[in-house]
Amino acid sequence: MKKVVIVLLAVVLAIGGGLRVYTVNRSVDVPVIQMFSKGEEVPVGKDFFSYADEDMDGYIVTVLDAELLSATDFLKTYHAEAKAQLLGIFTDYIYTVHVRIANRDNPHTGEKGISLQQYMLCGTDYILSLEESCFLIANPKMPGSSFSMKKGTSMELLLTFDVMSQTVSVEHLTEDVPKLLISQYPHQKMIELD
């Protein structure tokens with residue numbers, strides 16, 4: 001009798017747990033993935049990363065080029081060998097992405113704009129984050145990685161992403177080329193690098 005009660009209790013708990021998981025997850029909106037080509041002007045539109053009021057509507061992002069450099073070669077290119085200590089000890093490579101960002105008609109100058117810290121390079125099973133020290137080395141006139149622009153202006157930047165060989169190998173990066181993520185919800189907008 002005790003075994004029957006325990007089995008029945010386990011079945012009731014399993015069904016209740018399953019119903020709870022279903023109830024919580026049935027109204028979750030999964031973002032729609034939108035893929036764009038390198039060189040294509042991609043409007044951010046009403047899409048966002050964390051909050052719907054980020055208001056990047058009016059901004060356009062275009063990937064112009066991308067390159068994978070060893071950390072040493074990256075620092076040599078920008079004559080920044082003395083800044084090697086700014087990189088993490090596990091950073092072996094820097095994935096650089098040359099982009100043009102334009103503000104076609106966003107009126108919120110100085111209030112809202114682009115936060116490049118949210119941008120990521122995404123592969124099938126890995127994510128690379130913006131490396132801010134390298135970003136500032138490659139873009140010395142930029143005060144930081146968040147900014148707004150005057151309506152009708154554009155600029156070119158070099159985004160720099162940290163690659164740690166312990167996490168993802170160079171071979172894997174070349175076989176599974178990442179895509180630049182520029183928004184998360186309700187559309188996950190991704191721009192191809194090749």
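The coordinates are above.
The notes below deal with the structure included here. (Residues numbered from 1 in each chain as written. Predicted model: local features only at pLDDT ≥ 70, side-chain atom pairs only at ≥ 80, totals over all residues. Heavy atoms only, no water.)

## Remarks on a nonpolar patch on the surface
Okay, step 1: On the surface, Ile89, Phe90 and Met164 cluster together into a nonpolar patch covering about 330 Å² of accessible area.
Okay, step 2: Inspection of the secondary structure assignment puts Met164 in the loop between strand E9 (153-163) and helix H4 (170-175). (Patch = residues over 30% accessible without salt bridge, like charges linked within 9 Å, V, L, I, M, F, W, Y side chains within 5 Å. Areas by Shrake-Rupley, 256 points an atom, 1.4 Å probe, with all protein chains shown as cover. Salt bridge = Lys/Arg side-chain N within 4 Å of Asp/Glu carboxyl O. Helix = DSSP H or I, 4+ residues; strand = E, 2+ residues; numbered from the N terminus.)

## Observations regarding the packing of aromatic side chains
Okay, step 1: Enumeration over the complete set of coordinates arrives at three aromatic pairs.
Okay, step 2: Between Phe48 and Tyr185 the ring centres are 6.0 Å apart and the planes differ by 40 degrees, which places this aromatic pair in the tilted class. Highlighted residues: Phe48 in the loop between strand E2 (42-43) and strand E3 (59-70) and Tyr185 in the loop between strand E10 (179-183) and strand E11 (187-192), separated in sequence by 137 residues.
Okay, step 3: On the accessibility criterion, Phe48 (16% relative accessible area) is buried.
Okay, step 4: Seen in terms of ring centroids, Phe49 and Tyr119 are 5.8 Å apart; in terms of plane orientation they differ by 40 degrees. Their pairing is tilted. Pair noted here: Phe49 is in the loop between E2 and E3 and Tyr119 is in the loop between strand E5 (114-115) and strand E6 (120-122), with a separation of 70 residues, a long-range link.
Okay, step 5: Taking relative accessible area as the criterion, Tyr119 reaches 1% and is therefore assigned buried. (Phe/Tyr/Trp six-rings, centres within 6.5 Å; stacked < 30°, edge-to-face > 60°. Buried < 20%, exposed > 50% of the residue type's maximum accessible area, 1.4 Å probe, protein only.)

## Notes on the sheet that holds strand E4 (residues 93-103)
Okay, step 1: If you trace the four strands from one edge of the open sheet to the other, you get E2-E3-E4-E9, paired in antiparallel fashion. What marks the edges here is a single partner per strand, and that holds for E2 and E9. (Pairing = 2+ DSSP bridges.)

## Details of unusual backbone geometry
Okay, step 1: Across the junction of Tyr185 and Pro186, the peptide omega takes the value -20 degrees, indicating a cis bond.
Okay, step 2: For Pro186, the position within the fold is in the loop between E10 and E11.
Okay, step 3: Residue Asp55 is not a glycine yet carries a positive backbone phi of 50 degrees.
Okay, step 4: Its place among the elements puts Asp55 in the loop between E2 and E3.
Okay, step 5: Judged by relative accessible area, Asp55 falls into the partly exposed class, the value being 25%.
Okay, step 6: Here His79, not a glycine, exhibits a phi torsion of approximately 50 degrees, which is positive.
Okay, step 7: Relative to the helices and strands, His79 resides in the loop between helix H2 (71-77) and E4.

## Section: the side chain of Asp176
Okay, step 1: Of note, Asp176 is situated in the loop between H4 and E10.
Okay, step 2: We note that Asp176 is buried and unpaired, the nearest opposite charge coming from Lys179 at a distance of 5.1 Å. (Lys, Arg positive; Asp, Glu negative; His and termini not counted.)

As far as function goes, none of this settles anything; it's purely spatial.
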